[in-house]
Amino acid sequence: MVGSAESSYWTICNVCEGPWELTASRTVRVWLKRDSGQYWPSIYYVMPSPCSCMSFNPETRRLSIGLDNGTISEFILSEDYNKMTPVKNYQAHQSRVTMILFVLELEWVLSTGQDKLFAWHCSESARRLGGYRTSAVASGLQFDVETRHVFIGDQSGQVTILTLEQDTCTLVTAFRGHTGGVTALCWDPVQRVLFSGSSDHSVIMWDIGGRKGTAIELQGHNDKVQALSYAQHTRQLISCGGDGGIVVWNMDVERQETPEWLDSDSCQKCDQPFFWNFKQMWDSKKIGLRQHHCRKCGKAVCGKCSSKRSSIPLMGFEFEVRVCDSCHEAITDEERAPTATFHDSKHNIVHVHFDATRGWLLTSGTDKVIKLWDMTPVVS
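All of these numbers come straight from a predicted model, not from anything done at the bench. (Residues numbered from 1 in each chain as written. Predicted model: local features only at pLDDT ≥ 70, side-chain atom pairs only at ≥ 80, totals over all residues. Heavy atoms only, no water.)

Colleague: Looking at this model, I keep getting lost on the nonpolar core. Mind explaining?
Modeller: Generally speaking, nonpolar side chains in soluble globular proteins are found buried as a group. If you look at the biggest cluster of nonpolar residues, it comprises 16 residues, and the most contacted ones within it are F195, L218, L228, L237, W249 and M251. Looking at which element gives the most residues to this core, the answer is strand β22 (residues 225-231), with three residues. Ignoring anything within four residues of it in the chain, the contact list for L228 reads A184, L185, C186, F195, S196, G197, V203, I238 and S239. (Core = buried A, V, L, I, M, F, W, Y, C linked by side-chain atoms within 4.5 Å. Buried < 20%, exposed > 50% of the residue type's maximum accessible area, 1.4 Å probe, protein only. Helix = DSSP H or I, 4+ residues; strand = E, 2+ residues; numbered from the N terminus. Contact = heavy atoms within 4.5 Å.)

Colleague: Would you mind going over the environment of Q114 with me for this structure?
Modeller: Tracing the backbone shows Q114 in the loop between β11 (108-113) and β12 (117-122). Residue Q114 is classed as partly exposed on the basis of its relative accessible area of 41%. Residue contacts for Q114: discarding those within four places in its chain leaves S95, R96, T98 and V137.

Colleague: Can you help me understand the UniProt feature "domain: FYVE-type" (unreviewed entry) in the protein chain in this one?
Modeller: Per the UniProt record, "domain: FYVE-type" (unreviewed entry) is found at residues 261-332. Each end of residues 261-332 is marked by a C-alpha atom, and these two atoms are 22 Å apart; helix forms 18% of the span and strand 22%. (UniProt positions renumbered as here; feature names shortened; annotations may be inferred.)

Colleague: Looking at this model, I keep getting lost on the side chain of D355. Mind explaining?
Modeller: With respect to the helices and strands, the residue D355 is situated in strand β30 (residues 349-355). Given the relative accessible area of 12%, D355 is considered buried. For D355, the side chain forms a polar contact with the side chain of T357, separated by 2.5 Å. There is a polar contact of 2.8 Å between the side chain of D355 and the side chain of R358. (Polar contact = N/O pair within 3.5 Å; in protein donor to acceptor, adjacent residues only side chain to side chain.)

Colleague: What exactly am I supposed to notice about the packing of aromatic side chains here?
Modeller: The geometry of two aromatic rings is summed up by the distance between their centres and the angle between their planes. Under the defined criterion, the tally for this structure stands at nine aromatic pairs. When the centroid spacing of 5.7 Å and the interplanar angle of 25° are considered together, the rings of F118 and W120 count as stacked. Here the two residues F118 and W120 agree in accessibility, since each one is buried. Among the aromatic residues, those joined into a ring-pair cluster are F274, F275 and W276. Sitting over the ring of W360, R358 keeps its end group 4.3 Å from the ring centre. (Phe/Tyr/Trp six-rings, centres within 6.5 Å; stacked < 30°, edge-to-face > 60°. Lys NZ or Arg CZ within 6 Å of the ring centre and 35° of its normal.)

Shown next as structure tokens:
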């Protein structure tokens, strides 16, 4: 455990020998590891408005902090991490800033707010370069430097892709796959895949680079997915949930898309009518049954023909799900081998930061505690 505070944490970020911490009580703190092995705050800075998000660039030691009043405040951190100097303010949004990204290669500051506006500013002049209105409040933001694509996930469950120029943007596409709002995005620029987490407890891997529209579902949480991080060198995805679960997914395996659920008025295994199929019920003098779907083949089946349960890890189902009897017999023990490991953080996670170079994972929770995890035994 790194530390705790009187108010709840909004966000954290790992720098130097300790984490940054923003709290709802308008304070910014930097925790450094002392000779005793304990972490103590080296900076305690009070902001004019409650903090909501931040972005830190270790190369320039530039810290961008989003505030509840819509302002983005920029600071430079001293080399010894004991002082932060104000540089400039961006009047970015009309209400709370929800996400910030600093793009060093282009000297851009990207941000989203509760005013449903995505905006990008020049970090040298603080001048707004452009903006785009989203259909709902944005809750996920990622950027690809090579293509200048920005990915915006919002609370309606939609993911929007834009191409940014210096002062204009072009809509590439928008798509949905979640039944709940998007809560987190993570971009892999090497494999060119986008991961989205949602309040529907699922993670979806979108094959953006393959241009085939492939979407792989990952089901491993019992509560909404709060944060995503990706280890490129090992091709492992880390997802953290509101239930405290930390799941490490092996993405270096050939996964399969889940099938679309088929429509039918009767069981596609035994031909028993479903309860809305009055004609067949009358003709066969049989009581209609409830419809279910096999998660492996997608067929519409009755309860009797889908009485078995099985995990299907290569389809993203790490927990046991309903399958039809024939698919249950066809699934081998090798296909049931797990492709993810599960860990309990023992607090309801709100924010996460992963340092891939050291294998450290920082989690902050509703219990007002920051925890520092050594993930090298499982992410290596």
